[in-house]
Amino acid sequence: MSQKPEKLIDKKGLRLDGRKPEELRSIKIEVGILPNADGSAYIQQGKNKILAGVYGPRELHPKHLALPDRTVLRCRYHMAPFSVQERKSPAPSRRDIELSKVIREALEPSIFLEYYPRTGIDIFVEILQADGGTRCASITAAALALADAGIPMRDLVVACAAGKADDTIVLDLMDTEDKKGGADVPVALMPNLNAITLLQMDGILTFEEFEKAVNLALKGCRKIYTMQKEALKAKYESVKEVEE
Amino acid sequence: MSSIIVRVKQKQILDLIAKGKRLDGRGLKDYREIKVEQGLIERAEGSARVLLGKTEIMAGTKIEIGKPFSDTPNEGVLTVNAELVPLASPTFEPGPPKEDSIELARVVDRGIRESKAIDFKKLCIKPGKKVFVIFVDVYVLNHDGNLIDASALAALAALLNTKMFNYEIEEDEVKIKPGYTPLSVGKHPIAITFAKINDKLIVDPWLEEEQTMDARLTMTIDDDENVCAIQKGGSGYFTPKQVLEAAKTAIEKADEIRKKLKW
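Residues numbered from 1 in each chain as written. Chains lettered and ligands numbered in written order. Predicted model: local features only at pLDDT ≥ 70, side-chain atom pairs only at ≥ 80, totals over all residues.

1. Observations concerning the overall build of chain B
Turning to step 1, where the next piece is worked out: When helices and strands are counted, chain B shows five helices and 12 strands.
Turning to step 2, where the next piece is worked out: Over its C-alpha trace chain B gives a radius of gyration of 20 Å, about what one expects of a compact globule, namely 18 Å for 263 residues.
Turning to step 3, where the next piece is worked out: In terms of overall dimensions, chain B has C-alpha extents of about 70 × 35 × 35 Å along its principal axes.
Turning to step 4, where the next piece is worked out: Expressed as a percentage of the 263 residues in chain B, the buried residues total 46%.
Turning to step 5, where the next piece is worked out: Considering only residue pairs separated by 6 or more positions, chain B has 68% of its internal contacts joining residues 24 or more positions apart. (Helix = DSSP H or I, 4+ residues; strand = E, 2+ residues; numbered from the N terminus. Rg over C-alpha atoms; globule rule 2.2 N^0.38 Å. Buried ≥ 20, exposed ≤ 12 C-beta atoms within 10 Å, placed from the backbone. Contact = placed C-beta atoms within 7 Å.)

2. Focus on the overall build of chain A
Turning to step 1, where the next piece is worked out: Secondary structure assignment for chain A yields four helices and nine strands.
Turning to step 2, where the next piece is worked out: By its C-alpha atoms, chain A is 55 × 45 × 35 Å across when sized along the principal axes.
Turning to step 3, where the next piece is worked out: When the 244 residues of chain A are sorted by exposure, 48% land in the buried category.
Turning to step 4, where the next piece is worked out: Sequence-distant contacts in chain A: of pairs separated by 6 or more residues, those separated by 24 or more amount to 71%.

3. Comments concerning the pairing of strand 7 (residues 168-171) of chain A
Residues and elements named next belong to chain A.
Turning to step 1, where the next piece is worked out: Looking at chain direction, strand 6 (residues 158-165) and strand 7 are connected through four bridges and run antiparallel. Within strand 7, the residue paired with Lys-164 across the bridge is Ile-169.
Turning to step 2, where the next piece is worked out: Counted between consecutive antiparallel strands, the loop separating strand 6 from strand 7 contains two residues, among which Asp-166 sits at a positive phi close to 50°. (Pairing = 2+ DSSP bridges.)

4. Re the pairing of strand 2 (residues 39-45) of chain A
All names here are of chain A.
Turning to step 1, where the next piece is worked out: Burial analysis of strand 2 places six of its seven residues in the buried class, which makes it a mostly covered element.
Turning to step 2, where the next piece is worked out: As paired strands, strand 1 (residues 27-31) and strand 2 are joined by five bridges and run antiparallel to one another. Bridged to Val-31 within strand 2 is Ala-41.
Turning to step 3, where the next piece is worked out: Here strand 2 runs beside strand 3 (residues 48-59); their pairing, made up of seven bridges, is antiparallel.

5. Here we look at the interface of chain B and chain A
Turning to step 1, where the next piece is worked out: At the junction of the two partners, chain B supplies 32 residues and chain A supplies 28 residues.
Turning to step 2, where the next piece is worked out: Within the residue set of the side of chain B that touches chain A, elements represented by two or more residues are helix 2 (99-114), strand 12 (227-233) and helix 5 (240-261) of chain B.
Turning to step 3, where the next piece is worked out: A total of seven residues in the side of chain B that touches chain A trace back to one element, the largest contributor, which is strand 12 of chain B.
Turning to step 4, where the next piece is worked out: Partitioning the side of chain B that touches chain A into residue classes produces 14 nonpolar, nine polar and nine charged.
Turning to step 5, where the next piece is worked out: In this sheet, strand 12 of chain B lies alongside strand 9 (residues 195-205) of chain A in antiparallel orientation, the contact comprising four bridges. Opposite Asp-202 of chain A, over in strand 12 of chain B, you have Ala-229 of chain B as the bridge partner. (Nonpolar A, V, L, I, M, F, W, Y, C, P; charged D, E, K, R; others polar.)

6. Quick look at the sheet that holds strand 9 (residues 190-197) of chain B
Turning to step 1, where the next piece is worked out: Read across the sheet, eight strands follow the order 7(A)-6(A)-8(A)-9(A)-12(B)-11(B)-9(B)-10(B) without closing on themselves; strand pairing throughout is antiparallel. Among the strands making up the open sheet, the edge pair consists of strand 7 of chain A together with strand 10 (200-203) of chain B. Each strand of the sheet is rotated relative to its neighbour by a mean of 20°, with strand direction disregarded.
Turning to step 2, where the next piece is worked out: Sitting on the sheet, helix 2 (residues 134-148) of chain A is in contact with strand 6, strand 8 (183-190) and strand 9 of chain A, with an inclination near 165° to strand 6 of chain A.
Turning to step 3, where the next piece is worked out: Its contacts with the sheet place helix 2 of chain B against strand 9 of chain A together with strand 9, strand 11 (215-221) and strand 12 of chain B, and it is angled at close to 165° to strand 12 of chain B. (Axes fitted to C-alpha atoms, helices over the stretch in contact; angles between N-to-C directions.)

As structure tokens, this is what we get:
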């Protein structure tokens, strides 16, 4: 913010990394990669590299937190000290605590919590490398890890951000666009229920711009959703092959 | 989380909202009475007390000279903190800040920061070396729901009340001079919070409505009808239609509140 803002969109209407405004970064998703976790997923979205692991439903510690009528969902979003330009202290920052909360609340509506009373489900998200949009990619990966753990869900949850770079509404902001752009609107969606489970925003948008950004983010979510499904199927197809 | 009384009342709250009514007689889009007092704490650089119905928030500002962040060497620093003071509710406990108070502080912070209410460049004393650090401390004194909107109002009112000490630079040292100048606050971001109950959106939920709601959505609106911060909370969801409806209503309500407070 201190320097004169460089142009985020060039004369041809392309972004710093050569993408069109409504184009996603390249995404690679793998399911079931952590041998010890009940469910896990890895996502690479642009330069973001994120691992999500799920443990549970299992006995909850400390026990007094257990609820008689449903399971307790817990989430820890954590960034590796080497994941960003300047080393980040491994102690949880206030941002990490807020993100852990909003990620948990984005996933909670998808889970049949009442199926597992007196237990806990833990979601651990580790950001190995951050490149803008980590909370969204974390949700996309964590939802897959939950599904991989065999936890009954109403729908998958998929997340994607839209925002404003210069005067253009763009999809899936990377780090520079997030920091220097005009606004960032992360959205999480349960695609089959058309339900928004996470919505945040910072920046300045008129109502019309906001409407456009939300719709674009939802479009991005639906595109990532197809990749999510494929990644989930891919794991079970490989299991089938082994059995045969 | 919710007491037995609330469990009993929940059905009543749900039924009434289905009919477009609320337990305390308000319409779905009505705020409780808002009262703002400024300058109650003499030792603070700025202070305010906000009453939103029975929710009571005090906010105070303190100004110190500190170092800027390395990525913004010529900008001052804003730090917002929120305390859920144990005397304000049986559910608040002493101890290090938990996720609720961190979220509250960060949502208030985001509204002020993103609306560009404060020109941080004006708070720079010596680029890379010395800047003014503004601390806004939000103190919840009584919890009766919608802490976000009340805290955002209190923080803004305290900033509007803030006096900066005059200074001059003498041989690399900052020397305080007598007299004060008011802190310039260019925008008036107003936070509008919705609760989703029975698939309907209501504004300014009070405590029992919060204990009944599926999800919460806060939209902060600046003076030019722009949306500048949003936060969804709670374990429910919103439809895309509800989100846009909320944005429209938030713009109207923010305007109404700003006019009422003459900001």
